[in-house]
Amino acid sequence: MEINKRRIRIFDTTLRDGEQAPGASLYPEEKIRIARQLASMGVDTIEPGFPISSPGDFHAVQQISRELQQIEICGFGRAVKEDIDAAVKATQDAGMRRIHMFLSSSDIHLDFQLRKSRQQVVEMARSMVAYAKQFVDRIEFSPMDATRTGDEFLFEVLEAVIEEGATILNIPDTVGYALPEEYGNMFRRVRAGVRGGDRVEYSAHCHNDLGLAVANSLAAISAGVTHVEVTVNGVGERAGNCSLEELVMAIETRKQTMGVETGIVTSEVFNTSKMVSRIMGFPIAYNKPIVGRNAFQHEAGIHQDGLLKNRSTYEIMDPEKLGIPRSMIILGKHSGRHALKHRVGQFGVQMTSEELDTLYTRFKEKADAQKIVTDDQLMELVGAAVEGHVEAFTLTQLQVASSGGKERSHSAKVAIRNNQTGEEHMYAAVGEGPVEAIVQSLRQAMPMAVEFSDLELHSLSTGEKATGEAEVTLVIGGESFKNTGMDQDILMSVAKAFVAACNQAVRMQNKAPSEATSA
Ligand code: KIV
Ligand code: ZN
């Protein structure tokens, strides 16, 4: 029998606390785009900025409040009148709203930063909550640096703000100092020990200085908290905040054990992560849980073998449910024959056992010499091992030139052999940068319409001789194709990846519909 689960409300502060990460600052239009995506992903509350901090932030909060009527918008500020006025005004047109104010409570902050006595802090908290309460009913109060504040003073501040009408107590681990058990127990003690503590809602807000933000937030949930403050990709001050995708997927994957659920549309998680990473200019670590490039990829032979038999042997989540294009098998020196055969089969190539032996030997030599073997390289090896197998297009030449300074001063020339017709032609184009010039010339070379949708560049090793890796995503016939190219010349890797993705599209087209599964 399905038991009702407690609903955890996801409070997204990517656009406020996340934006406080050094180098992450966003333009108002960027905030609006991200907020729309957060709404599509189903977050419950958005904290879109710090309205008093700049006219741009005020405008972003105001626009988001006006546009996203179905989501609670949080107006943020210090416990001072000007901040509260700005937060109230910026969120005036929201369909639902709360005001979130913070004031430090630890002695370290009081003595060195605020230079105020405990009594002054209690007075400030009390009067500012009462002030905000005239305008908005839902008031969230955060005693900053709560986890380094002793119970006695923490309780005193919290009792005061409850008396004045605070409805949500957010107890932040501002400096990421708490351990999970401590953090959970703090909420238990507050609820039981603070006068009025049983008639307010609780919220967790964790920083990741010790890598414990998600664990601490889960501990708070176990202690009864119903709101969790998170950021996409865990961006935020220093080591960041509790990561939305990690917390949501921990809950989703272990919901039977935890007895809780969120309203997040998990199929939007990956898109949101990518969007935030791109707009903020913050790359995602390869091994980042859930959204990192390696999170659902497997190179070890034993794991690949298990996965090909049954996905759940080595995966606890289904990447497709997170909107992550499936490409689980990475071919490298640890890969086995089973994976190689499977991959080649996905390319529509059937091999005899002898051909597979030859391919396997050559593949291992190649894999030993470099970290991974790309599809493009694999197909070259297949061409040498299997009589008559060729890819649709081969890039035979690339030249790039820059005439410096002027507009559209980069030019590219590519030579492409169409292996079906045997013809080889040159195509040329110009662009503002070399990548644009290459892409335009390659688009001319292809017989089908190709939309260039995404490019990621990485260095695979260190030093001057490093190999560059390009990952290109193209949209062809309404479908996405992602492929990789590697070369010491990074522009060549872009061109190789482009052609490999086109070849992938042609392969898919040529396959019978029943066989066509994405690589
Ligand atoms: O980390 C923190 O303490 C905060 C508060 C202002 C909620 O971000
Ligand atoms: Zn914070």
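On a predicted model such as this, the values are computed, not experimentally measured, just so you know. (Residues numbered from 1 in each chain as written. Chains lettered and ligands numbered in written order. Predicted model: local features only at pLDDT ≥ 70, side-chain atom pairs only at ≥ 80, totals over all residues. Heavy atoms only, no water.)

In spatial order, the strands read β11-β12-β13; together these three strands make up an open sheet with antiparallel pairing. Each edge of the open sheet carries a strand with a single partner, namely β11 (393-402) and β13 (423-431). Between one strand and the next, the sheet's axes are offset by a mean angle of 15 degrees, whatever the strand orientation. As judged from the nine bridges shared by strand β12 (residues 410-418) and β13, these two strands associate in the antiparallel manner. Bridge assignment links Ala415 to a residue of β13, and that residue is Met426. This element, helix α16 (residues 434-445), spans β11, β12 and β13 of the sheet and lies at about 145 degrees to β13. Those strands touched by helix α17 (residues 490-510) are β11 and β12, and its axis lies near 150 degrees from that of β11. (Pairing = 2+ DSSP bridges. Helix = DSSP H or I, 4+ residues; strand = E, 2+ residues; numbered from the N terminus. Axes fitted to C-alpha atoms, helices over the stretch in contact; angles between N-to-C directions. Contact = heavy atoms within 4.5 Å.)

All right, on to the site of ligand 1 then. By nearness alone, every residue bordering ligand 1 is listed as Arg16, Asp17, Phe76, His100, Phe102, Ser142, Met144, Asn170, Pro172, Thr174, His205 and His207. Within the contact set of ligand 1, an oxygen atom lies 3.1 Å away from a side-chain nitrogen or oxygen of Asp17. Measuring from an oxygen atom of ligand 1, one finds a side-chain N or O atom of Thr174 at 2.6 Å. Burial of ligand 1 by the protein amounts to 96% of the accessible area it has alone, namely 260 Å². For the shell around ligand 1, the elements supplying multiple residues, two or more each, are β5 (96-104), β6 (139-144) and β7 (168-173). (Near = heavy atom within 4 Å. Polar contact = N/O pair within 3.5 Å; in protein donor to acceptor, adjacent residues only side chain to side chain. Areas by Shrake-Rupley, 256 points an atom, 1.4 Å probe, with all protein chains shown as cover.)

Turning next to the coordination of the zinc ion (ligand 2). Taken together, the protein ligands of the zinc ion (ligand 2) are Asp17 (OD), His205 (NE2) and His207 (NE2), with distances of 2.0 to 2.1 Å. Judged by relative accessible area, Asp17 falls into the buried class, the value being 3%. Residue classification places His205 among the buried residues on the basis of a relative accessible area of 6%. (Donors = N, O, S within 2.8 Å, 3.2 Å for Na, K, Ca; no water. Buried < 20%, exposed > 50% of the residue type's maximum accessible area, 1.4 Å probe, protein only.)

The next point concerns the pairing of strand β4 (residues 72-78). Across the seven residues of β4, six count as buried, placing the element largely inside the fold. Read from strand β3 (residues 45-46) through helix α2 (residues 55-67) to β4, the crossover connection turns out right-handed. The sheet contact formed by β4 and β5 spans seven bridges and is parallel. Paired with Gly75 across the bridge in β5 is Ile99. (Right-handed = clockwise from strand over helix to strand, strands pointing away.)

It is worth spelling out the packing of aromatic side chains at this point. Throughout the structure, instances matching the rule amount to six aromatic pairs. The interplanar angle of 80 degrees and the centroid separation of 5.2 Å between the aromatic rings of Tyr131 and Phe135 together place this pair among those described as edge-to-face. Given the relative accessible area of 16%, Tyr131 is considered buried. Between the aromatic rings of Phe452 and Phe498, the centroid separation amounts to 6.3 Å while the plane-to-plane angle is 10 degrees, which identifies the pairing as stacked. Highlighted residues: Phe452 in strand β14 (residues 450-459) and Phe498 in helix α17, separated in sequence by 46 residues. For Phe452, a relative accessible area of 26% gives the class partly exposed. Judged by its relative accessible area of 0%, Phe498 is buried. Pairwise contacts between aromatic rings join Phe50, Phe76 and Phe102 into one cluster. (Phe/Tyr/Trp six-rings, centres within 6.5 Å; stacked < 30°, edge-to-face > 60°.)

As a further point, take the nonpolar core. In terms of nonpolar packing, the biggest core is built from 91 residues, with Val43, Ile46, Met101, Phe141, Phe187, Val190 and Leu247 touching the most fellow members. When residues of this core are sorted by domain, at least three fall in each of domain 1 (11-280) and domain 2 (301-386). Setting aside its immediate chain neighbours within four residues, Met101 contacts Gly77, Arg78, Ala79, Ile84, Met128, Val129, Ala132, Ile139, Glu140, Phe141 and Ser142. If you look at the next biggest cluster of nonpolar residues, it comprises 31 residues, including Phe393, Phe481, Val499 and Val506. (Core = buried A, V, L, I, M, F, W, Y, C linked by side-chain atoms within 4.5 Å. Domains from an automatic or database assignment.)

Our next topic: the confidence of the model for the protein. Confidence in the prediction for the protein averages 93 pLDDT; 97% of positions are at 70 or higher. Contacts for the low-pLDDT stretch residues 514-519, under 50 throughout, to residues beyond four places or in other chains number twelve contacts. (pLDDT = per-residue confidence, 0-100.)

Mapped onto the secondary structure, Ser441 falls in helix α16. Excluding its chain neighbours within four sequence positions, the residues that come into contact with Ser441 are Ala412, Val414, Tyr427, Ala428 and Ala429.

Here the structure, examined in full by the defined rule, presents 37 salt bridges. Notably, a salt bridge pairs Glu67 with Arg36, separated by 2.5 Å at the nearest N-O pair. Of this pair, Glu67 sits in helix α2 while Arg36 is found in helix α1 (residues 28-41), placing the two residues 31 residues apart along the sequence. Given the relative accessible area of 37%, Glu67 is considered partly exposed. Put simply, Glu315 and Arg311 hold a salt bridge, and the shortest N to O gap is 3.3 Å. Look at Arg311 and you get partly exposed, because its relative accessible area is 28%. A single network of salt bridges, built from pairs that share partners, joins Glu72, Arg98, Arg138, Glu140 and Glu201. (Salt bridge = Lys/Arg side-chain N within 4 Å of Asp/Glu carboxyl O.)

The subject of this paragraph is unusual backbone geometry. Positioned with a positive phi, Asp145 is a non-glycine residue whose angle comes to about 65 degrees. Looking at the element boundaries, Asp145 is found in the loop between β6 and α6 (151-163). A positive phi angle, close to 50 degrees, is found at Arg238, a residue other than glycine. Looking at the element boundaries, Arg238 is found in the loop between β9 (227-230) and α9 (244-253). A residue is classified by how much of its surface remains accessible, and Arg238, at 47% relative accessible area, is partly exposed.

Moving on to helix α8 (residues 213-222). By the criterion of burial, α8 is predominantly enclosed, with eight of the ten residues buried. When α8 is considered as a whole, its buried residues turn out to be Ala213, Val214, Asn216, Ser217, Leu218, Ala219, Ala220 and Ile221. One or two steps after α8, the chain reaches Gly224, where phi turns positive at roughly 110 degrees.

Under the local residue numbering, the UniProt record ascribes the feature "domain: Pyruvate carboxyltransferase" (unreviewed entry) to residues 8-270. Taken end to end, residues 8-270 is 43% helix and 17% strand, and its first and last C-alpha atoms sit 20 Å apart. (UniProt positions renumbered as here; feature names shortened; annotations may be inferred.)

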